[in-house]
Structure formats: C-alpha cells, structure tokens
Amino acid sequence: MQVTRSIRLPSKRLQLSGCRLIHNHPALRSSNPSGRTASFGFRTVPEESKESLVKDVFDSVASKYDLMNDASSLGVHRLWKDSFVDTLKPGRKGPLRCIDVAGGTGDIALRILDHAREKYADRETTVEIVDINAQMLKEGFTRFKKTMYHNTPQVSFHEANAQELPPSQFKDDSYDLYTITFGIRNCTSIPAVLSEAYRVLKPGATFACLEFSKVNNPLLSTLYDQYSFTVIPLLGTILAGDRDSYQYLVESIRKFPSQPEFAQMIRDAGFSTGGDFDGGAWTDLWGGIASIHTGVKI
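Reference entry: report on the structure contained in this document.

Some details on the side chain of glutamine 163
Thinking step 1. Residue placement: glutamine 163 occurs in the loop between β6 (155-159) and β7 (175-181).
Thinking step 2. Of the polar contacts made by the side chain of glutamine 163, one reaches the backbone nitrogen of threonine 188; its length is 2.8 Å.
Thinking step 3. Contact partners of glutamine 163, with chain neighbours within four places excluded, come to Cys187, Thr188, Ser189, Ala192, Val193 and Glu196.

As structure tokens, this is what we get:
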C-alpha cells in the first residue's frame, strides 16, 4: 500500500473546538486580494480562505467522521454507500483503475475493492485514494491496515487538492472510474473539481458522485430541516465537543446545488448524463436527502 507524500498529522493546536477553529480562524482576518467570495456554510468568506477553513473542520472531525455521517443521516449513509458502489458494479467488465477523491477515510475504496473481489473474483482493480486532508488520510490508512489489501498494489493514498490534481502524477485519460462521496460540496470551486475529473478520466469512463441533496417532499423536508439544525449540532457538542464544525456541515448541505443544477454543472464540464429527472441524470435516495449523480466522459 503506497502513500504519496508524507501524511503530516495536524498539530494539537488545530484540534480545538469548532467554535475557535471557525470564528477566530486567521483566514477570516486576512485580506481578500482577489475580491472573490465563496460560501462556508451560510457565511460568505473570501475565496482564498475557504480551503483553510474546511481543512480545519475536517482536522477537527476526522477521528469521528463515521460518527458525523451517522448523525447527519441517521446511520443510513452506510446503506447509501453500499447502493452507490452496487450501482457502479466495479469489476463486472474486468479490472478497473479507480480514483476516489475526498475519500480519505477509505470506506468507498474498501467497498469498491470488496465488491470487485466478492462479486467478480477480481483482485486486479486498484483504487487511488485522494484527499486534501492528511488527518483524514491517516484514518483511511489505519482502516486499511486491518484488511487484506494492506501492503498490496490495490490501494494507495495521496494528499492532493481535487481542484488541482498534479498532472505529473494524475495524468490525462488515465482512470476508468472517478468517485467522490460527500465531499464535493466542501470544495471551493465545484466546476474546477469537475474539470479535473473530466481530465483524468479515460474517454467512455464514469464520473460518480454521492452527495447530500435537496428533499422534494415538503413534509420530509421540514422534518429533515428540524433534525439537521437542532439535533445534529447538539450531537456534535455531546459526541465530539464541537458544535460549530457540525453546524457548518449541515449548512454546507443546504448550500449545495439542487439535483438539476448539479446535473447541468456535470454536463458543462463535458460529461454526458441522463435526462433531468430521478432515474436519469441522478438517482434520489430517501426522497432526495442524498443523490447519486453519474456522467460519462465523451
């Protein structure tokens, strides 16, 4: 199992409460030379600051990331991830070279490798796990040390920015499958991430994204909002001592584009998708609490 760049652990200074990380973050006191802004939850921040702010959120929650997703989805995220990988059927047409972006904890990569092995006796599919956050990669590396894939060519870990994958390492037209799960909404520029996905995929290869989305049923939407904005931050306080990081994560879900809007962004990057409906360009899970989006490089 390979690790590209040393995975530097964040200092204890960064592992403070979310309140101190977000509200007193040095990035918020810096100037904004470009004049461009980005959303950080419901807040508008200088574009240059978002990456640092998000990094510190995930430094804070990395060790309890699965717990965070359990809180955000009532534990259903595990079923959604199973459905996501089952939909992609890795290994069905032979070994794949996969890249899993924002995949630091390794749960999607592990599902891909297990699916290929268990369903199709495929031990040649590989997954390159990419994350901007070293602490998240550490969690994934630890997870894989408990599996049969540890110290094999089937999995490797790389610290890199989804918006600017180093071309010398992540070459054009190289991958059969690009996955990103509950991560793209945290990126400063979604179009830049999609552009990089298009660049590194082979013609005919698949882009697949699992992300929290927009609930269409008014009653379910109201109930989910009440749960999200009251229970989840409270759980963050109780379980992790970090209300603000969890508050940001809830807000980031609400700021993410709707299913048709995100599907159009995928097409704007050059991908072909299905029509703008559930079962076409995307598949809604649990009424749209999350959605699976796919596109094919043409």
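Describing the packing of helix α4 (residues 77-88) against helix α5 (residues 107-120)
Thinking step 1. It is at 10 Å that the axes of α4 and α5 come closest, and there the two elements cross at 45°. As far as their axial angle goes, α5 and α4 are oblique. As α4 runs across α5, the sense of the crossing is right-handed. In this structure, α4 uses Arg78, Lys81, Asp82, Phe84, Val85 and Asp86 to contact α5, whose residues at the interface are Asp107, Ile108, Arg111, Ile112 and His115.
Thinking step 2. Classifying every residue of the contact of α4 with α5 by side-chain character gives four nonpolar, one polar and six charged.

Here's the deal with the nonpolar core
Across soluble globular proteins, nonpolar side chains have a tendency to be buried as a group.
Thinking step 1. Ranked by internal contacts, the top residues of the largest apolar core, which has 38 residues, are Trp80, Phe84, Ile129, Phe144 and Leu210.
Thinking step 2. The element contributing the most residues to this core is α5, with five residues.
Thinking step 3. With near-sequence residues (within four places) excluded, isoleucine 129 lies in contact with Asp100, Gly103, Gly104, Gly106, Ala109, Leu137, Phe144, Val155, Ser156, Phe157 and His158.
Thinking step 4. Residues Ala162, Phe170, Ile180 and Ala205 belong to the second largest nonpolar core, which totals 26 residues.

Considerations on the pattern of salt bridges
Thinking step 1. Counted by the stated rule, this structure contains 13 salt bridges.
Thinking step 2. Where arginine 36 meets glutamate 47, a salt bridge forms, and the shortest distance between an N and an O atom there is 2.9 Å. Within this pair, whereas arginine 36 is found in the loop between α1 (18-23) and β2 (37-40), its partner glutamate 47 is found in helix α2 (residues 47-61), the two being separated by eleven residues in sequence.
Thinking step 3. Judged by relative accessible area, arginine 36 falls into the partly exposed class, the value being 48%.
Thinking step 4. The residue lysine 202 makes a salt bridge to aspartate 176 at a minimum N-O spacing of 3.1 Å. Placement of the pair is lysine 202 in strand β8 (residues 201-212) and aspartate 176 in strand β7, with a sequence separation of 26 residues.
Thinking step 5. The network of salt bridges with common partners includes Asp114, Arg117 and Glu118.

Brief notes about unusual backbone geometry
Thinking step 1. Residue alanine 102 is not a glycine yet carries a positive backbone phi of 55°.
Thinking step 2. The class for alanine 102 is partly exposed, based on a relative accessible area of 27%.
Thinking step 3. The phi dihedral of asparagine 151 falls on the positive side, at around 60°, and the residue is not glycine.
Thinking step 4. The residue asparagine 151 is located in the loop between α6 (134-144) and β6 in this model.

Describing the pairing of strand β11 (residues 290-297)
Thinking step 1. Of all eight residues that make up β11, six are buried, and the element is covered over most of its length.
Thinking step 2. In the sheet, β8 pairs with β11 via seven bridges, with the strands oriented antiparallel. Looking at the pairing, phenylalanine 212 lines up with alanine 290 of β11.
Thinking step 3. Taken together, the two bridges between strand β9 (residues 271-272) and β11 define a ladder with antiparallel strand orientation. Bridge pairing in β11 places serine 272 opposite valine 296.
Thinking step 4. Inspection of the sheet shows strand β10 (residues 282-285) paired to β11 by four bridges, in the antiparallel sense.

Cut-off values and rules
- Residues numbered from 1 in each chain as written.
- Predicted model: local features only at pLDDT ≥ 70, side-chain atom pairs only at ≥ 80, totals over all residues.
- Heavy atoms only, no water.
- Helix = DSSP H or I, 4+ residues; strand = E, 2+ residues; numbered from the N terminus.
- Polar contact = N/O pair within 3.5 Å; in protein donor to acceptor, adjacent residues only side chain to side chain.
- Contact = heavy atoms within 4.5 Å.
- Axes fitted to C-alpha atoms, helices over the stretch in contact; angles between N-to-C directions.
- Parallel < 35°, antiparallel > 145°, perpendicular 65-115°, else oblique.
- Left-handed = near helix turned anticlockwise from the far one by under 90°.
- Nonpolar A, V, L, I, M, F, W, Y, C, P; charged D, E, K, R; others polar.
- Core = buried A, V, L, I, M, F, W, Y, C linked by side-chain atoms within 4.5 Å.
- Buried < 20%, exposed > 50% of the residue type's maximum accessible area, 1.4 Å probe, protein only.
- Salt bridge = Lys/Arg side-chain N within 4 Å of Asp/Glu carboxyl O.
- Pairing = 2+ DSSP bridges.

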